[in-house]
2 protein chains.
Amino acid sequence: MLLRGRPRTLGAAALLLLLLIGFFLFGGDPDYGRPRSQGAATFDGDPPADPRGHNRSDCIPPPPLPPKCELLQVAIVCAGHNSSRDVITLVKSLLFYRKNPLHLHLVTDAVARNILETLFHTWMVPAVQISFYNADELKPQVSWIPNKHYSGLYGLMKLVLPSALPPDLARVIVLDTDVTFASNIAELWALFAHFSDKQAIGLVENQSDWYLGNLWRNHRPWPALGRGFNTGVILLRLDRLRQAGWEHMWKLTATRELLTLPATSLADQDIFNAVIKEHPWLVQPLPCMWNVQLSDHTLAERCYSEASDLKVIHWNSPKKLRVKNKHVESFRNLYLTFLEYDGNLLRRELFGCPCPPPPGAEQLQQALAQLEEQDACFEFRQQQLTVHRVHITFLPHKPPPPQPHDVTLVAQLSMERLQMLEALCRHWPGPMSLALYLTDAEAQQFLRFVETSAVLSARQDVAYHVVYREGSLYPINQLRNVALAQALTPYVFLSDIDFLPAYSLYDYLRASIEQLELDGRRKAALVVPAFETLHYRFSFPSSKAELLTLLDAGSLYTFRYHEWPQGHAPTDYARWREAQAPYRVQWAADYEPYVVVPRDCPRYDPRFVGFGWNKVAHIIELDAQEYELLVLPEAFTIHLPHAPSLDITRFRSNPTYRDCVRALKDEFHQDLSRHYGAAALKYLTALQQPRGPA
Amino acid sequence: MLLRGRPRTLGAAALLLLLLIGFFLFGGDPDYGRPRSQGAATFDGDPPADPRGHNRSDCIPPPPLPPKCELLQVAIVCAGHNSSRDVITLVKSLLFYRKNPLHLHLVTDAVARNILETLFHTWMVPAVQISFYNADELKPQVSWIPNKHYSGLYGLMKLVLPSALPPDLARVIVLDTDVTFASNIAELWALFAHFSDKQAIGLVENQSDWYLGNLWRNHRPWPALGRGFNTGVILLRLDRLRQAGWEHMWKLTATRELLTLPATSLADQDIFNAVIKEHPWLVQPLPCMWNVQLSDHTLAERCYSEASDLKVIHWNSPKKLRVKNKHVESFRNLYLTFLEYDGNLLRRELFGCPCPPPPGAEQLQQALAQLEEQDACFEFRQQQLTVHRVHITFLPHKPPPPQPHDVTLVAQLSMERLQMLEALCRHWPGPMSLALYLTDAEAQQFLRFVETSAVLSARQDVAYHVVYREGSLYPINQLRNVALAQALTPYVFLSDIDFLPAYSLYDYLRASIEQLELDGRRKAALVVPAFETLHYRFSFPSSKAELLTLLDAGSLYTFRYHEWPQGHAPTDYARWREAQAPYRVQWAADYEPYVVVPRDCPRYDPRFVGFGWNKVAHIIELDAQEYELLVLPEAFTIHLPHAPSLDITRFRSNPTYRDCVRALKDEFHQDLSRHYGAAALKYLTALQQPRGPA
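Residues numbered from 1 in each chain as written. Chains lettered and ligands numbered in written order. Predicted model: local features only at pLDDT ≥ 70, side-chain atom pairs only at ≥ 80, totals over all residues. Heavy atoms only, no water.

In the annotation of an unreviewed UniProt entry, the entry for chain A reads LARGE xylosyl- and glucuronyltransferase 2, and the organism field reads Bos mutus grunniens. The UniProt entry for chain A carries the following text under Cofactor (unreviewed entry): "Mn(2+)". Listed in UniProt under the heading Pathway (unreviewed entry), the comment for chain A reads: "Protein modification; protein glycosylation." (UniProt positions renumbered as here; feature names shortened; annotations may be inferred.)

And the structure:
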């Protein structure tokens, strides 16, 4: 900043100031800013330690920040479901404080790439570029190194960044996934200015005694300068490393050390330290607050109790947030801030920086700008256009082995239906793809809910996709489409979260699909008849016979028998009672059965948000595309009672809401006629006959 | 920071640096940092404007921050329910970025004081002192000034701060309730260092043309230097103002201007500007980003698109967040960040600053430290000790006029029962005191819910008290106690949120209280018999006769008839059918009726968290204190069905949870024996007879 504007007037003064800053900097001796070892020769002078024990890094005026719109480069290695969640929290903290455009270089495995690509695509944060690099291709370069660290092979990949990243990339900040920013990353970037001509690696000293080798008997750490350096936060001059022959350098050192040491204990960090011990001119020590290390026996308190400011926190204990430390509560609060922070709020522009908008953002802005706030259905229009941030496979997930007749249960839910999950898991032993509509904070509650549930944590075939909340109407069909798109089996059972399927349904569906020879030969939607109980304690029928007994006794009803019989009437429950084989039924107005269809079936129409007509429209789409509707004689699913949702309450009490649903319906029919021409006439005709409430 | 540590070595250099900073600063000309008018004489030089239009405030290196632990003083004027909510959002933004201890001086009316005192007491933020000043006492000093601004009299009170605040307070930052911090307030405090010897008021220039007087024909604003200054953010040297005879000064100016002007349009701001116009030496202009004004026709873009950083945002349009501005979305995101931010996370220590802990914090820390994480009931113990942040009367509330037999309905709820509120309002036309267990983000959803509900927004006699979520168990009895403590009528009806009372109940209870001559003469708890429906669509009986018909038809049951009959059996439903007059019943084990009692009844035992035994213990307490239990013959309340809560699900599925509830129960009985001696024996004996699940 100091150097911007009016250079002629202030040029001389700025030069003088810089000279002074140089004096402060290079005359200083930050406690953690440099190793204690005599081997380091990065500074000329070494003034005696301050007797009052103050951290002199406080006295160094920070170097000038990079220009307002300078693009800052960040690299992160990330693999798997859990690390992907960590990276997102890190990136949230980064974005919260940043004032500069960023380019994130993500070295990922296939799982993390899939998650993060979807996430960033839907996040649409202005002034953030993302590049992905295939970690699996880099593996051979480090897989020969025996390593005992919990980060596995991926930890070691930081070593190969100079060759993996684009050759014209000269500087990059490398971050571990377990760091949290508490400040503007431009301040860290500015520290590149401290590098002398040859220095290529900026690091903070280790805040533990690990590399001193005196932690326990026979503890033989890798060689390091004094306490060594921590590699959770690295400033890399890639250009200089390439020039200095980095690849050759670290491989040589590692090979030599591995002659006497069995393996790396701390992954890349051991090798970085060994190389630095050999070539101390490479390293520029950074002030301690840029990597406050919260390991179990950390000495970090000396850093943070004297600094007026924390910049980056590093959860470098394998225990992460459960680490024992007398101040951990305060650090945890900072971490939780970003864990629970509404990521949508980070879609903030950088004023005055000309950056290309994220893909799709411009069209979206235009569409939103065309909406009229006076329109009674404005809320609906806005909700339809909303691009929700999507985090697919939020929790570890193992795709089911490919089987030709396998079926995934597809559904969506919000926080208030979480209790359904355990029962659903008991009723459906097969794969599931569930979209959850949550805030960032709720996503964490959900995570804890799954972790503390024995039933849920035992299941790896349930994929949970978090769609982040935005807007006041439940985007039901967008949620269904997310869950549907992520189903990996050839068939899907399109269900709702307040239904429990018959215990046998999963097996029965697969058998039916096989018997009916649906694979490619027949375009069919298998109807699963729906029932409901109005009692909130009820014993689930174990067979069709038992279900019929309950039905006759008035303990069960056909679904929405009282309020909306036309929704399921075409299923023909009377025929179903007696049926021994699948039977075909005809579409009729307002029909909305629960069906099993091939995964590539039509998507739900995202214009239907909130309550009303969302499933009806999908069944019309299936019928228009000539899916046969086949009712399965032994299949059933039962709706459990619950308090009415806020959306249905609004639908019932608010005439405008109903008018808007009607308007959506009309527009849907217009589109239908446009697509299917005369064939769509029957839907319009059916619509003209006055019927139920929707 | 520059001046701390190793002064001898660096003293000379620091001095040089300061000189240089002085050169930068006083040679600069921040665009918005000073009025354009020729009248201003705050700077010596006035270099030509930068032709590229860059904002030179960027070029001024910030003055050194105040020392790490220096106490910063902040004053805010606040009145009423809505302003109190605003202040809390402002304080959250302030606390988020602050690194220094703070002393908040709050000038409040009785409503705001009541709210904010409870809030800060329960918030327990380290290193924050709070002082209250009675706004009503200050009113006479400004009430003579005619004023058209929406802030009313309270806006004007900023004028009297030099005399209202403690005489030894020399400097203070004064903030409007509608500002949001985006930076560390210490940076703002540091600008006091820019004041020349006489300057006493630091202000940012107005970012609108209001005071230029050319906005419309016959627009006659108060006198000001050029664009004038905005008083949303003020740095006040109180000591200098007192010395300069401030009180006399502004009163003189105001009186004189009011001879020709009918009233102030912008409250205190008009008077501040008129005084400054007369005494320009008083003012130190501040850089524009310390008060980015988002009024309708703001010129603020010139400030924020050139500055690399926003420091304080000021929502100074009467439209607040709905103001029209092409960048408003980004500003709103920053505001929403703090609106929805979990305030509990701000209970962060300031490392290395010796500050007295907030009242009660030490005992709490000790009690928490004594818990054993290995204890199977650790979660329960921790939850019992948790001090929840409490925001009483979150929404505008008008206390009911005092009436000797009036009854307040008391209940608690969380987000998932919000739908009950409208129905409850229809069934209970009297006052209510409701505790809501919410996150900060949910509290905003709740606010919108009430605003969009015609039924709810029509009611001013419903007091909503937000208890902020913390921990995994629902603190049911703490919530009940908050709602109970805030009930303002002589009697309370202790209900639960999933019950709807008979339409006539409110009138009937008041009549019964009068007839039974309860006021002081008789210590009684009036039992309201409880029923339940298992159907989620059901037509509410309009009389006891109708209720009995539904009961006989099996559409209604007595409450928990199937699962927990002993909870209500002592009410003696058979007798109730025939009863024409109130009748007395005896306590029996596990009895938990819904009762009407005097407001000063025993509190609920806060040790019961989550599901189980929380009401039972309260009824025991009533019985132990010899309350007569009188069943009312015409009273009834009906439970509506809902999906089981997470807590009841855990209770049912988790044996440890049940064991912990049992342990709490045992401890409760031990305390009971200690308090009531032999009289408590009957409860213990009853306990020994094996009964239901709890």
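Participant: What is the right way to read the packing of aromatic side chains from this model?
Facilitator: To describe a pair of aromatic rings, you give the distance between the ring centres and the angle between the ring planes. Under the defined criterion, the tally for this structure stands at 66 aromatic pairs over all chains. For the pair Phe 446 of chain A and Tyr 464 of chain A, a centre-to-centre distance of 4.9 Å together with 70° between the ring planes defines the contact as edge-to-face. Of this pair, Phe 446 of chain A sits in helix 16 (residues 440-451) while Tyr 464 of chain A sits in strand 14 (residues 462-468), and the two are 18 residues apart along the sequence. For Phe 446 of chain A, a relative accessible area of 0% gives the class buried. Taken together, a centroid distance of 6.0 Å and an interplanar angle of 45° make the contact between Phe 608 of chain B and Trp 613 of chain B tilted. (Phe/Tyr/Trp six-rings, centres within 6.5 Å; stacked < 30°, edge-to-face > 60°. Helix = DSSP H or I, 4+ residues; strand = E, 2+ residues; numbered from the N terminus. Buried < 20%, exposed > 50% of the residue type's maximum accessible area, 1.4 Å probe, protein only.)

Participant: What exactly am I supposed to notice about the sheet that holds strand 19 (residues 557-558) of chain A here?
Facilitator: Pairing between the strands of a sheet is mediated by backbone hydrogen bonds and can be parallel or antiparallel. Residues and elements named next belong to chain A. An order of 16-23-18-19 is seen for the 4 strands of this open sheet, with the pairing classed as mixed. Pairing within the sheet leaves two strands with one partner each, and these edge strands are strand 16 (499-501) and strand 19. Across 3 bridges, the pairing between strand 16 and strand 23 (residues 637-639) is antiparallel. Residue pairing for strand 23: Pro 501 is matched across the bridge by Thr 637. (Pairing = 2+ DSSP bridges.)

Participant: I keep staring at helix 24 (residues 655-676) of chain B and nothing clicks. Help me out?
Facilitator: For an α-helix, the turn length of 3.6 residues means that residues three or four places apart are oriented alike. Residue and element names in this part refer to chain B. Compared with the 32 Å implied by 1.5 Å per residue over 22 residues, the 31 Å span of helix 24 between its first and last C-alpha is a close match. Of the positions making up helix 24, those classed as buried are Tyr 657, Cys 660, Val 661, Leu 664, Lys 665, Phe 668, His 669 and Leu 672. Measuring from the side-chain oxygen of the N-cap residue of helix 24 to the backbone nitrogen of Thr 656 gives 2.9 Å; that N-cap residue is Asn 654. Where helix 24 terminates, the next one or two residues include Gly 677, which has phi positive at roughly 60°. (Expected span 1.5 Å × (residues − 1). Polar contact = N/O pair within 3.5 Å; in protein donor to acceptor, adjacent residues only side chain to side chain.)

Participant: Explain the layout of surface pockets here, please?
Facilitator: Residue and element names in this part refer to chain A. Estimates place the volume of the second largest pocket at around 330 Å³. Along its surface, the second largest pocket is lined by 19 residues, and Val 128, Gln 129, Ile 130, Pro 358 and Pro 359 are the ones closest to its centre. For the lining of the second largest pocket, the secondary structure elements donating two or more residues are helix 3 (110-123) and strand 3 (128-134). (1 Å grid on protein atoms, 1.4 Å probe; cavity = no way out; pocket = protein on both sides within 12 Å on 5 of 7 lines; lining within 4 Å. Points joined across faces, edges and corners; volume = space filled by probe spheres on them.)

Participant: Please explain the sheet that holds strand 9 (residues 292-293) of chain A as it appears in this structure.
Facilitator: All names here are of chain A. Strand order across the open sheet formed by 3 strands is 5-10-9, with mixed pairing between neighbours. The open sheet terminates on both sides in strands that have one partner only, identified here as strand 5 (179-181) and strand 9. Inspection of the sheet shows strand 9 paired to strand 10 (residues 312-314) by 2 bridges, in the parallel sense. Within strand 10, the position partnered with Val 292 by the bridge is Ile 313.

Participant: Mind showing me how you'd approach the packing of helix 9 (residues 246-257) of chain A against helix 10 (residues 268-278) of chain A here?
Facilitator: In a packed pair of helices, the relevant descriptors are the angle between the two axes and the axis-to-axis distance. Residue and element names in this part refer to chain A. The contact between helix 9 and helix 10 brings their axes to 9 Å, and the two run at 100°. Relative to helix 10, the element helix 9 lies roughly perpendicular. Only Ile 271, Phe 272, Ala 274, Val 275 and Glu 278 of helix 10 make contact with helix 9, whose side of the interface consists of Trp 246, Met 249, Trp 250, Thr 253, Ala 254, Arg 256 and Glu 257. Split by residue class, the contact of helix 9 with helix 10 holds 8 nonpolar, 1 polar and 3 charged. (Axes fitted to C-alpha atoms, helices over the stretch in contact; angles between N-to-C directions. Parallel < 35°, antiparallel > 145°, perpendicular 65-115°, else oblique. Contact = heavy atoms within 4.5 Å. Nonpolar A, V, L, I, M, F, W, Y, C, P; charged D, E, K, R; others polar.)

Participant: What exactly am I supposed to notice about the pairing of strand 22 (residues 628-631) of chain A here?
Facilitator: On a regular strand, each side chain points to the face opposite its neighbour's, so the side chains alternate between the two faces of the sheet. All names here are of chain A. Side-chain alternation along strand 22 places Glu 628 and Leu 630 on one buried face and Leu 629 and Val 631 on a second face that is also buried. Pairing of strand 17 (residues 524-528) with strand 22 involves 4 bridges; the strand directions are parallel. Looking at the pairing, Ala 524 lines up with Glu 628 of strand 22. As paired strands, strand 20 (residues 583-585) and strand 22 are joined by 3 bridges and run antiparallel to one another. Within the sheet, the bridge partner assigned to Arg 584 lies in strand 22 and is Leu 630.

Participant: Explain the environment of Leu 310 of chain A here, please?
Facilitator: With respect to the helices and strands, the residue Leu 310 of chain A is situated in the loop between helix 11 (301-304) and strand 10. Each C-alpha atom, one on Leu 310 of chain A and one on Leu 94 of chain A, is 14 Å from the other, the two residues being 216 residues apart in sequence. The residues contacting Leu 310 of chain A, other than those within four sequence positions of it, are Ala 182, Ser 183, Met 289, Val 292, Tyr 304 and Phe 331 of chain A together with Phe 351 of chain B.

Participant: Sorry if this is basic, but what is going on with the state of the cysteines here?
Facilitator: In a disulfide, the sulfur atoms of two cysteines are covalently bonded to one another. Residue and element names in this part refer to chain A. The final tally for this structure, using the stated rule, is 6 disulfides over all chains. Across the disulfide, Cys 69 is cross-linked to Cys 353 (sulfur-sulfur distance 2.1 Å). Between Cys 69 and Cys 353, the disulfide has an S-S torsion of -90° and is therefore left-handed. With Cys 69 in the loop between helix 1 (7-27) and strand 1 (72-78) and Cys 353 in the loop between helix 12 (328-339) and helix 13 (361-370), the pair connects residues that are 284 residues apart, well separated along the chain. When its relative accessible area of 30% is taken as the criterion, Cys 69 is described as partly exposed. Here Cys 288 connects covalently by a disulfide to Cys 303, the sulfurs 2.1 Å from one another. Measuring the twist about the S-S bond at about 90°, one finds the Cys 288-Cys 303 disulfide to be right-handed. Note that Cys 288 is positioned in the loop between strand 8 (283-286) and strand 9 and Cys 303 in helix 11, a separation of 15 residues in sequence. When sorted by exposure, Cys 288 lands in the same class as Cys 303, which is buried. (Disulfide = S-S within 2.5 Å.)

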